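The lines below spell out each chain.
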Amino acid sequence: DGGITQSPKYLFRKEGQNVTLSCEQNLNHDAMYWYRQDPGQGLRLIYYSQIVNDFQKGDIAEGYSVSREKKESFPLTVTSAQKNPTAFYLCASRPGDSGANVLTFGAGSRLTVL
Amino acid sequence: ELKVEQNPLFLSMQEGKNYTIYCNYSTTSDRLYWYRQDPGKSLESLFVLLSNGAVKQEGRLMASLDTKARLSTLHITAAVHDLSATYFCAVDLLWRNTGKLIFGQGTTLQVKP
């Protein structure tokens, strides 16, 4: 079945450590996204990529980095510069061309800083 | 800057009642999406509204779009407990070729027996 796989599902990090969240899709989608969700709040866009080897900052990119070396993969690194990284992180993808263009979401990764 | 605002943010209602969730956005867009999120889970697509006047219905939920007013509504008819979840609207800036999709804050719906 086609879909988006995020790993790990739960992650604990000590302050000062970088961590990388994995996002892999087998939907042949061009565009991929990372969102952050804090308790009781909406989704805020961190980074997005419309094509391989290209990505753009979203509204809250500071303290995060991404790469898009392959169409199916869009990993997110939460760096030590991110002051409040505890959150639920959602990866999503969509075809990227015109049309309905519904986002498909992964199951999410919950990051907790100890 | 595009802003997407939902109201109310929290809604507690009795089973069998009707209610409407509103989604206002600040810039031109012809595409609007509604998603549902259950606690601790990911988001599930409910509706895609692609043009002014679009109306979509699925079961007890009906979504509409007024692009001139920059307003979308999600109407709940005769609510049941299974509809308890958080509902998000999202606005697409694809027409600007940015690929950006911005979400509202979400409306948490609690349906009581």
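Residues numbered from 1 in each chain as written. Chains lettered and ligands numbered in written order. Predicted model: local features only at pLDDT ≥ 70, side-chain atom pairs only at ≥ 80, totals over all residues. Heavy atoms only, no water.

Draft legend 1. Fine view of the pattern of salt bridges. Following the criterion strictly, the structure yields 5 salt bridges over all chains and no others. In this structure, the salt-bridge partner of A:Arg94 is B:Asp92, at a minimum N-O distance of 2.8 Å. Remark: B:Asp92 occurs in strand β9 (residues 85-92) and A:Arg94 occurs in strand β9 (residues 87-94); the pair is interchain, linking two chains. The shortest N-O distance in the salt bridge between B:Arg36 and B:Asp38 comes to 2.9 Å. Look at B:Arg36 and you get buried, because its relative accessible area is 15%. Looking at B:Asp38, the relative accessible area reads 26%, which means it is partly exposed. Salt bridges sharing common partners tie together A:Arg36, A:Asp38 and A:Arg44. (Salt bridge = Lys/Arg side-chain N within 4 Å of Asp/Glu carboxyl O. Helix = DSSP H or I, 4+ residues; strand = E, 2+ residues; numbered from the N terminus. Buried < 20%, exposed > 50% of the residue type's maximum accessible area, 1.4 Å probe, protein only.)

Draft legend 2. How the structure looks around the pairing of strand β8 (residues 71-76) of chain B. Residue and element names in this part refer to chain B. Across 6 bridges, the pairing between strand β3 (residues 19-25) and β8 is antiparallel. Each residue of the ladder has a partner; that of tyrosine 22, found in β8, is threonine 73. In this sheet, β8 lies alongside strand β7 (residues 61-66) in antiparallel orientation, the contact comprising 6 bridges. Counted as the bridge partner of alanine 63 is leucine 74 from β8. (Pairing = 2+ DSSP bridges.)

Draft legend 3. Summary view of the sheet that holds strand β1 (residues 4-7) of chain B. Residue and element names in this part refer to chain B. An order of β1-β3-β8-β7-β6 is seen for the 5 strands of this open sheet, with the pairing classed as antiparallel. Of all the strands in the sheet, just β1 and β6 (55-58) have a single pairing partner and so form its edges. Adjacent strand axes in the sheet meet at a mean angle of 15°, parallel and antiparallel pairs treated alike. (Axes fitted to C-alpha atoms, helices over the stretch in contact; angles between N-to-C directions.)

Draft legend 4. The arrangement of the confidence of the model for chain B in detail. Looking at chain B as a whole, the pLDDT averages 90, with 94% of positions reaching at least 70. The least confident element of chain B, judged by mean pLDDT, is strand β10 (residues 101-103) of chain B at 86; the most confident is β8(B) at 97. (pLDDT = per-residue confidence, 0-100.)

Draft legend 5. Representation of the sheet that holds strand β3 (residues 19-25) of chain A within the structure. All names here are of chain A. Taken in spatial order, the 4 strands of this open sheet run β1-β3-β8-β7, and their pairing is antiparallel. The open sheet terminates on both sides in strands that have one partner only, identified here as β1 (4-7) and β7 (64-66). For this sheet, the mean inter-axis angle between neighbouring strands, taken without regard to orientation, is 20°. Direction of pairing for β7 relative to strand β8 (residues 76-78): antiparallel, over a ladder of 3 bridges.

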